[in-house]
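What follows is each chain in one-letter form.
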Amino acid sequence: EELPEYTKEEKIRVKGKSQDGMTIAILVNTTKKEVVADAQGEFNSEVSLSKDSPNEIYAYAVNNSGVQSGTSKKYIVNFDDKPPVLEIINPSSGSTYYLETQRNQRIEGQTEKNVSITINDRIAIVNNENKFNYPIRLENGENKFTIIARDQAGNETKIEDYVLNLSL
């Protein structure tokens with residue numbers, strides 16, 4: 001079965017189908033783990049991933065006579081359990097604006113490569129320099145924002161108490 005390209009889990013489950021009773025060798029880089037396919041030919045095993053480099057994962061079957069099948073499709077799985085960088089450059093949380101002409105503002109920030117940003121559940125575009133610039137229209141009073149950076153593995157960095165004020 002398909003494996004993810006990125007994961008924040010140190011261990012993942014490798015599943016597939018073969019002939020019943022076949023020994024399945026699952027390789028993660030140079031580490032081999034063997035399991036036996038059940039009566040329906042299904043196999044399922046948890047494997048550990050390396051954090052230091054991409055993990056190449058594939059499998060092959062071996063029958064009772066020791067004859068080995070060809071290898072399965074090779075997957076590259078990247079283990080990343082670090083939350084992404086999220087920095088708000090401008091304006092500072094708690095800033096207050098006083099004029100109608102200051103109602104329209106922008107939240108500007110920076111993250112890292114291959115990270116998506118949402119501000120109050122709306123997507124902010126991240127440019128090639130890993131910066132984002134999100135236009136907002138302030139309402140009179142306190143305006144609260146939740147800003148989330150999410151990487152390809154699903155790790156998140158969240159700023160929940162970002163507030164801008166407009167006092168007309």
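Residues numbered from 1 in each chain as written. Predicted model: local features only at pLDDT ≥ 70, side-chain atom pairs only at ≥ 80, totals over all residues. Heavy atoms only, no water.

Of all 6 residues in strand β3 (residues 23-28), 5 are buried, a share of seventy percent or more. Across 6 bridges, β3 lies against strand β4 (residues 31-36) in antiparallel orientation. The residue bridging L27 from the neighbouring strand is K32, located in β4. Linking two consecutive strands that pair antiparallel, namely β3 and β4, is a turn of 2 residues; a positive phi of about 55° is found at N29 within it. (Buried < 20%, exposed > 50% of the residue type's maximum accessible area, 1.4 Å probe, protein only. Helix = DSSP H or I, 4+ residues; strand = E, 2+ residues; numbered from the N terminus. Pairing = 2+ DSSP bridges.)

This part takes up the environment of S53. Counting through the fold element by element, S53 comes out in the loop between β5 (42-48) and β6 (55-62). Sequence spacing of S53 and N78 is 25 residues, and the spatial spacing of their C-alpha atoms is 7.2 Å.

Counting 18 residues, the largest nonpolar core has I107, I117, I119, F132, F145 and I147 as its most contacted members. Of all the secondary structure elements, the ones that give two or more residues to this core are β11 (115-119), β13 (131-137), β14 (141-151) and β15 (156-166). When sequence neighbours within four positions are dropped, the list of residues in contact with F132 reads L86, E87, I88, I107, E108, G109, Q110, I117, I119, A124, I125 and V126. In this structure, V35, I57, A61 and F79 belong to the second largest nonpolar core, which totals 17 residues. (Core = buried A, V, L, I, M, F, W, Y, C linked by side-chain atoms within 4.5 Å. Contact = heavy atoms within 4.5 Å.)

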